[in-house]
Amino acid sequence: MRLSVIGCGYLGAVHAAAMASIGHEVVGIDVDARKIDALSKGDAPFFEPGLQEILTDGIRSGRLSFTTDISAAAGAKVHFIGVGTPQQVGAHAADLTYVNAAVDSLLPHLSDGDIVAGKSTVPVGTAAELADRVAASGATLVWNPEFLREGWAVQDTIDPDRLVAGVPAGAEGERAAEVLREVYHPAVAKGTPFIVTDYATAELVKVAANAFLATKISFINAMAEIAEVTGADVTQLADAIGHDARIGRRFLGAGIGFGGGCLPKDIRAFAARAEELGRGESVGFLREVDAINLRRRDRAVQLVIEALGGSVVDKKVAVLGAAFKPHSDDVRDSPALDVAVRLNGLGAKVVVTDPQAIENARRVHPQLNYLTERDEAIRDADAIVLVTEWDEYRRELSPDHASTLTAGRAVVDGRNGLDAAAWRAAGWAYYGMGRP
Ligand code: UDX
């Protein structure tokens, strides 16, 4: 099928390449000429496992192309909208400028029977507002939220755990859902749940999922706070409650909390939208979720101060990680980088290392020192702080090896990823999050 994908950021670039990899003919369109140049050459503009391969294959096969020219969308049967919906400057609500611009620029190039499929995460009610404009061009709007996780984006796009399509009522909606089933044929063929809803439900599914995940993380981090004043161990607590199948162990990792381009802004936008709808109190708990999350960064900083005897001034602190999570070079709202920035502000001599995210981190925080080699970063350090649980730090850094390089023997485990007993046995003072 011929497809267009408007917006070639995280979501759009992966979607375009993934759709080409399952046999569609895809054109990716973006206003950013630099991004399009890179993609056209087959260069992934960010680190995402598997993307480089499907990008190169798609371009080589002739099924995948990229352009800044929106008229290239003409002739495609389905047009995916995958532009960003960032947090508004100075407010919590989502900024819909790019969604509106993408739809407006697409309208003149639509033909009767085309489908416009919104994938961006939007406040509930957005699709209903856009639908008339799309219908006036003879096309049908569907809302088809995306649940991909960074680091697993390619796999999640090709083989998602569910597909959701918000469609208009009646035969037009049924036809649109049928076309989307054809688009996602490999997933549909293997029995992936395909849930057809109205617009509002589809929009809400996405924000509800992210709100739930964020709440789950903040719940366990709240338990970590209680553990800290009672001497309990939150990791054991998480294991024990996680055995209850109704609760489940996933997303109960206590630590410095969630970040990234989605969870933080999505819960804020959801709360803001609920306020507009006169239902602010229904998701009032999301403010607590946000507050707990941000407090955990303070806690990590406090532990470093404690570990260094009350002051970090002029102490060398090696910060392991800058990305908001492993397998990603994304530093948007990264708790890891935030901890580094705060320590630096307190007068520590901070050295940050990360296997993938240094370039992006340097762009937003040029004041920090960065080293690509882990061992160079920890050399002569008074304390080590693990803030992104890359295997290089969590599994592959042994306390005995670290001892040969550092000046001090203090380790703060901001992700509860290290073997506390092993570090202690090697003579280290180990500080975890919500652990004695
Ligand atoms: C998230 C959703 O998972 C995805 O479905 C949606 O489409 C986009 O937002 P992503 O931002 O890639 O995906 O990251 P995710 O894996 O959800 O992790 C979010 C943050 O939570 C990371 O900073 C991670 O370190 C943190 N986290 C995750 C925890 O602190 N504890 C956990 O137990 C799990």
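How each quantity is defined
- Residues numbered from 1 in each chain as written.
- Predicted model: local features only at pLDDT ≥ 70, side-chain atom pairs only at ≥ 80, totals over all residues.
- Heavy atoms only, no water.
- Domains from an automatic or database assignment.
- Contact = heavy atoms within 4.5 Å.
- Buried area = accessible area lost by both parts, 1.4 Å probe.
- Salt bridge = Lys/Arg side-chain N within 4 Å of Asp/Glu carboxyl O.
- Polar contact = N/O pair within 3.5 Å; in protein donor to acceptor, adjacent residues only side chain to side chain.
- Nonpolar A, V, L, I, M, F, W, Y, C, P; charged D, E, K, R; others polar.
- Pairing = 2+ DSSP bridges.
- Helix = DSSP H or I, 4+ residues; strand = E, 2+ residues; numbered from the N terminus.
- Axes fitted to C-alpha atoms, helices over the stretch in contact; angles between N-to-C directions.
- Core = buried A, V, L, I, M, F, W, Y, C linked by side-chain atoms within 4.5 Å.
- Buried < 20%, exposed > 50% of the residue type's maximum accessible area, 1.4 Å probe, protein only.
- Lys, Arg positive; Asp, Glu negative; His and termini not counted.
- Arc of directions from axis to C-beta.
- Parallel < 35°, antiparallel > 145°, perpendicular 65-115°, else oblique.
- Left-handed = near helix turned anticlockwise from the far one by under 90°.
- Near = heavy atom within 4 Å.
- Areas by Shrake-Rupley, 256 points an atom, 1.4 Å probe, with all protein chains shown as cover.

(A) Spotlight on the domain arrangement of the protein. Its domain assignment divides the protein into domain 1 (2-197) and domain 2 (205-436). Of note, the centres of domain 1 and domain 2, computed from C-alpha atoms alone, are 32 Å apart. Between domain 1 and domain 2, the contact holds 23 residues from the first and 22 residues from the second. Across the interface of domain 1 and domain 2, roughly 1,800 Å² is buried in total on both sides, 58% from carbon and sulfur atoms. Counting every contact that joins domain 1 to domain 2 gives 1 salt bridge. Here Glu150 ties to Arg332 by a salt bridge, and the two come within 3.1 Å at their closest N and O atoms. Across the domain 1-domain 2 interface, the total number found is 10 residue pairs in polar contact (both at pLDDT 80 or more). Of the residues contributing to the side of domain 1 that touches domain 2, the split by class is 13 nonpolar, 6 polar and 4 charged.

(B) Region of interest: the sheet that holds strand 9 (residues 316-320). A sheet is described by the order of its strands in space; here 6 strands give the open sequence 11-10-9-12-13-14, paired in parallel fashion. Two strands bound the open sheet, and with one partner strand each, they are strand 11 (369-370) and strand 14 (429-432). Bridging between strand 10 (residues 349-353) and strand 11 involves 2 bridges; their strand directions are parallel. Bridge assignment links Val351 to a residue of strand 11, and that residue is Asn369. Across the face of the sheet, helix 12 (residues 285-307) comes into contact with strand 9, strand 12 (383-386), strand 13 (410-413) and strand 14 while running at roughly 170 degrees to strand 13.

(C) Structural view of the nonpolar core. Counting 51 residues, the largest nonpolar core has Val304, Val317, Val319, Leu343, Val352, Ile378 and Trp423 as the members making the most contacts within it. Ranked by the residues each element gives to this core, the list is headed by helix 13 (residues 335-345), at 6 residues. Non-local contacts of Leu343, meaning those with residues more than four positions away in its chain, are made with Val301, Val304, Val312, Val317, Val319, Ala348, Val350 and Val385. Judged by nonpolar contacts, the second largest core, of 41 residues, contains Met19, Ala20, Leu55 and Phe66.

(D) Geometry of the pairing of strand 2 (residues 25-29). Burial analysis of strand 2 places 4 of its 5 residues in the buried class, the great majority of the element. Summarising the sheet, strand 1 (residues 2-6) and strand 2 pair through 5 bridges and their orientation is parallel. In the strand pairing of strand 2, Val5 is matched with Gly28. As judged from the 4 bridges shared by strand 2 and strand 3 (residues 64-67), these two strands associate in the parallel manner. Within strand 3, the position partnered with Gly28 by the bridge is Phe66.

(E) Highlighting the side chain of Glu203. Structurally, the position occupied by Glu203 is in helix 9 (residues 199-230). There is no salt bridge for the buried Glu203, and the closest opposite charge comes from Arg273, which lies 7.4 Å off by N-O distance. Not counting residues within four places of it along the chain, the set of residues in contact with Glu203 comprises Val122, Pro123, Val124, Gly125, Thr126, Ala127 and Trp143.

(F) Looking closely at helix 3 (residues 51-61). Considered for burial, the residues of helix 3 that qualify are Leu51, Ile54, Leu55 and Gly58. One face of helix 3 carries all of its buried residues, which in axial projection span an arc of 105 degrees. Summarising the contacts, the buried residues of helix 3 are in contact with helix 1 (10-21), helix 2 (33-40), strand 3 and helix 6 (153-158). The positive-phi residue at the C-terminal boundary of helix 3 is Gly62, with phi of around 85 degrees.

(G) Focus on the packing of helix 9 against helix 11 (residues 263-276). The contact between helix 9 and helix 11 brings their axes to 9 Å, and the two run at 115 degrees. One element, helix 9, and the other, helix 11, form an angle in the roughly perpendicular class. Helix-helix and strand crossings are classified by hand; for helix 9 and helix 11 the assignment is left-handed. Only Leu263, Asp266, Ile267 and Phe270 of helix 11 make contact with helix 9, whose side of the interface consists of Leu204, Lys206, Val207, Ala208, Asn210, Ala211, Ala214 and Ile217.

(H) Up close: the pairing of strand 7 (residues 163-166). Every second residue of strand 7 is oriented toward a common face, with Leu163 and Ala165 on one face and Val164 and Gly166 on the other, all of them buried. The sheet contact formed by strand 7 and strand 8 (residues 194-197) spans 4 bridges and is parallel. Across the sheet, Val164 pairs through a bridge with Ile195, a residue of strand 8.

(I) Examining the site of the ligand more closely. With respect to spatial proximity, 20 residues lie near the ligand, and among them Phe147, Leu148, Glu150, Gly253 and Phe324 are the closest. Within the backbone of Leu148, an N or O atom sits 2.8 Å from an oxygen atom of the ligand. Here an oxygen atom of the ligand and a side-chain polar atom of Arg415 are 3.3 Å apart. In isolation the ligand has 670 Å² of accessible area, and contact with the protein removes 90% of it. In terms of residues, the shell around the ligand owes the most to one element, helix 9, which gives 4 residues. Partitioned by chemical class, the residues of the shell around the ligand number 10 nonpolar, 4 polar and 6 charged. Both domains that furnish three or more residues to the shell around the ligand are identified here as domain 1 (2-197) and domain 2 (205-436).

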